[in-house]
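What follows is each chain in one-letter form.
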Amino acid sequence: MLFLHIILLPARVIAQEHGHEANLPDTSSVKNVQELFTKGELHGHVRNYFMATLNHRSLSDHYANALGAEIGVRTASFHGFRLGISGIFTYNLFSSHLDQKDPIAGKYPSNEVELFDIENPHNKDNLDRLESAYLEYRTEKLHVRIGRFDFTSPLINPQDTRMKPYSVQGVMAQVPVGQHTKLTAAWLDHFSPRGVIEWGNTRHTIGLYSNGVNIDGSPSGYRHHIESRGVAVAGLQGQGIQNSHWQAWNYWIENIANTSYGRVVVPISERMIVGLEGLYQFQLGNGGHPAHDSTYFPDQQEWVAGGMVGYSTPQWALSANYLHTGGNGRFTFPREWGREQFFATLSRGRLEGTGQSDILVVKSTRNWAPGLSSELALAKAWLPGYGNAALNKYGAVSYWGTLLDVTYTPLLPALKGVVLRLLYIGKLSPNTSLPLERMYYNTNFHQINFVSQLNF
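As the structure is a computational prediction, the values presented were derived from the model and not from experiment.

## A word on the overall build of the chain
Logical step 1: Helix and strand content of the chain: 4 helices and 19 strands.
Logical step 2: Radius of gyration (C-alpha) of the chain: 22 Å, near the 23 Å computed for a compact globule of 456 residues.
Logical step 3: When each of the 456 residues of the chain is scored for burial, the buried share is 52%.
Logical step 4: For the chain, long-range pairs separated by at least 24 residues make up 62% of all intrachain contacts whose partners lie at least 6 apart in sequence.
Logical step 5: Carbon and sulfur atoms make up 61% of the accessible area of the chain, which totals about 19,700 Å².

## A word on unusual backbone geometry
Logical step 1: In this structure, Arg57 takes a positive phi of about 50 degrees despite not being glycine.
Logical step 2: Assignment of secondary structure puts Arg57 in the loop between strand 1 (41–54) and strand 2 (62–74).
Logical step 3: Residue classification places Arg57 among the exposed positions, given a relative accessible area of 70%.
Logical step 4: Even without glycine at this site, His224 takes up a positive phi of about 70 degrees.
Logical step 5: Looking at where His224 falls in the secondary structure, it is placed in the loop between helix 4 (202–205) and strand 9 (231–239).

## A look at the environment of Val397
Logical step 1: By the secondary structure assignment, Val397 is in the loop between strand 16 (372–382) and strand 17 (399–408).
Logical step 2: The spacing of Val397 and His143 is 254 residues in sequence and 43 Å in space, taken between C-alpha atoms.
Logical step 3: Ignoring any residue separated from it by four or fewer positions in sequence, one finds Val397 in contact with Leu383, Ser429, Thr432, Leu434, Asn442 and Thr443.

## Let's talk about the pattern of salt bridges
Logical step 1: As enumerated under the stated definition, the model contains 14 salt bridges in all.
Logical step 2: Residues Glu41 and Arg74 are paired through a salt bridge, measuring 2.6 Å at the closest nitrogen-oxygen approach. Taken together, the residues Glu41 in strand 1 and Arg74 in strand 2 connect sequence positions 33 residues apart.
Logical step 3: Of the charged contacts in the structure, one is a salt bridge between Arg421 and Asp405, with a shortest N-O distance of 2.7 Å. Linking Arg421 in strand 18 (residues 418–428) with Asp405 in strand 17, this pair joins segments that are 16 residues apart in sequence. Residue Arg421 shares its accessibility class with Asp405, and that shared class is buried.
Logical step 4: Several salt bridges share partner residues, and in doing so they unite Arg82, Glu136, Arg138 and Arg145 into one network.

## Some words on a nonpolar patch on the surface
Logical step 1: On the surface, a nonpolar cluster with roughly 980 Å² of combined accessible area is contributed by Leu42, Val46, Tyr63, Leu67, Ile71, Phe89, Tyr91, Leu93, Phe94, Leu454 and Phe456.
Logical step 2: If you list the elements that add at least two residues to the nonpolar patch, you get strand 1, strand 2 and strand 3 (81–95).
Logical step 3: Here the nonpolar patch gets 4 residues from one element, more than from any other, and that element is strand 3.
Logical step 4: Its place among the elements puts Phe94 in strand 3.
Logical step 5: Phe94 sits in the partly exposed class, given a relative accessible area of 42%.

## Some remarks on the packing of aromatic side chains
Logical step 1: This structure, assessed with the given rule, holds 15 aromatic pairs.
Logical step 2: Clustering of aromatic rings is evident, with ring pairs tying together Phe151, Phe191, Trp249, Tyr251, Phe333 and Trp337.
Logical step 3: The ring of Tyr134 is capped by Arg145, whose NZ or CZ atom sits 4.1 Å from the centre of that ring.
Logical step 4: Above the face of the Tyr399 ring, Lys427 is positioned so that its terminal group lies 4.2 Å from the ring centre.

## So, the side chain of His324
Logical step 1: The residue His324 is located in strand 14 (residues 316–325) in this model.
Logical step 2: Overall, His324 belongs to the buried group, its relative accessible area being 17%.
Logical step 3: Polar contacts involving the side chain of His324 include one to the main-chain carbonyl oxygen of Ser357, which spans 3.2 Å.
Logical step 4: Among all residues touching His324, those that are not within four sequence positions of it are Trp303, Val304, Ala305, Gln356, Ser357 and Asp358.

## Some points on the pairing of strand 5 (residues 143–149)
Logical step 1: Two strands pair when backbone bridges link them, and strand 4 (residues 129–138) and strand 5 are joined in this way by 6 bridges, in the antiparallel orientation. Note that in strand 5 the partner of Ala133 across the bridge is Arg148.
Logical step 2: Two successive antiparallel strands, strand 4 and strand 5, enclose a turn made up of 4 residues.
Logical step 3: Alignment of strand 5 against strand 6 (residues 167–176), held across 7 bridges, turns out to be antiparallel. Paired with Val144 across the two strands is Ala173, which belongs to strand 6.

Rules used in this analysis
Residues numbered from 1 in each chain as written. Predicted model: local features only at pLDDT ≥ 70, side-chain atom pairs only at ≥ 80, totals over all residues. Heavy atoms only, no water. Helix = DSSP H or I, 4+ residues; strand = E, 2+ residues; numbered from the N terminus. Rg over C-alpha atoms; globule rule 2.2 N^0.38 Å. Buried < 20%, exposed > 50% of the residue type's maximum accessible area, 1.4 Å probe, protein only. Contact = heavy atoms within 4.5 Å. Areas by Shrake-Rupley, 256 points an atom, 1.4 Å probe, with all protein chains shown as cover. Salt bridge = Lys/Arg side-chain N within 4 Å of Asp/Glu carboxyl O. Patch = residues over 30% accessible without salt bridge, like charges linked within 9 Å, V, L, I, M, F, W, Y side chains within 5 Å. Phe/Tyr/Trp six-rings, centres within 6.5 Å; stacked < 30°, edge-to-face > 60°. Lys NZ or Arg CZ within 6 Å of the ring centre and 35° of its normal. Polar contact = N/O pair within 3.5 Å; in protein donor to acceptor, adjacent residues only side chain to side chain. Pairing = 2+ DSSP bridges.

What follows is the structure, given as structure tokens:
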């Protein structure tokens with residue numbers, strides 16, 4: 001049970017939010033183009049998302065309610081081939097003034113704006129996006145997909161809440177290697193980040209959220225100046241002896257950086273497991289641009305190491321998770337392409353952009369009843385000072401974090417497909433010297449998220 005909670009929970013959430021990639025049977029009896037669709041599959045979801053954030057003292061508080069849907073079609077499989085296409089649209093039902101910057105911080109309310117369009121906070125209804133459009137070929141020995149699609153890996157993924165996930169464009173292939181191992185290889189050159197309605201190449205997406213500062217403290221200006229053709233991804237996932245599970249990934253971002261990541265999870269008794277993970281990255285080419293103020297990845301060697309110990313019963317799962325970023329710089333990876341999935345990862349708690357930092361997270365999950373489960377987490381993060389630019393790209397601050405995540409799936413046949421989720425997130429930095437304007441959506445805030453969704 002604990003293994004499923006810690007290792008497979010992100011995949012379970014994604015499946016709930018975006019629908020399973022079901023394997024349709026090979027329909028050799030398809031006689032014409034029309035039957036490719038009439039014998040295909042309609043899928044999607046309707047989602048209502050309410051978010052409210054209470055910021056510190058005189059910083060402005062905000063709320064927003066988004067309503068939207070994803071509708072997609074997958075054709076019948078004809079000798080292993082099929083087409084898939086889906087789109088997402090969103091409406092701002094009501095909200096605070098998301099198009100007005102906080103008078104103290106001088107910034108827009110980032111979390112609520114991400115429900116809609118971060119590039120245009122004034123946009124409330126023109127929020128549709130072509131989510132996927134791909135051609136796929138699948139057999140027992142080969143799975144190839146080309147076009148626009150979701151891609152799941154530890155660093156590039158559709159993970160996290162909001163109305164739109166992270167999506168990618170390129171080509172992907174998966175093949176089995178032996179009985180218990182799968183090889184994934186992909187080339188990705190266009191991306192549509194969460195909270196964005198357009199697609200862009202590497203040059204236009206890296207830095208879309210924030211550019212932060214250079215290692216000398218000067219403002220970074222690499223957005224729209226990145227020189228890179230895309231990223232090549234290779235991954236191996238497998239099962240080892242004694243039901244252990246492992247994975248190893250490499251991300252080669254042309255002219256920017258190479259990042260390697262691996263993890264292993266091993267049961268040591270019927271109810272206890274341990275896990276180890278590590279990451280190493282170094283510069284490629286000129287890090288994105290020859291000019292100092294337009295370079296994304298400086299000349300550095302960075303590493304990350306983490307561990308996990310977990311214990312479970314039929315109803316409970318408890319784990320202690322730790323992560324350290326070391327090396328001589330800052331762990332850096334485009335946050336516009338997904339969200340890092342470490343043992344110690346929590347919502348609104350990235351360590352990307354920091355070096356010489358630590359986080360300890362204790363998580364407890366429980367199945368209260370069929371269809372009702374919860375997760376409670378407490379985190380303590382030790383980060384470099386916000387003024388330490390060499391080790392702190394985005395000015396993050398040490399904090400205590402709390403999370404409560406309750407998910408309810410009604411069992412009544414009349415409510416089949418309905419999923420309700422309540423998510424509370426709190427970040428506090430007692431006695432911090434951080435200026436008030438730097439706390440805005442950074443620390444000392446409380447946030448409530450309530451999501452109601454119908455999957456079909």
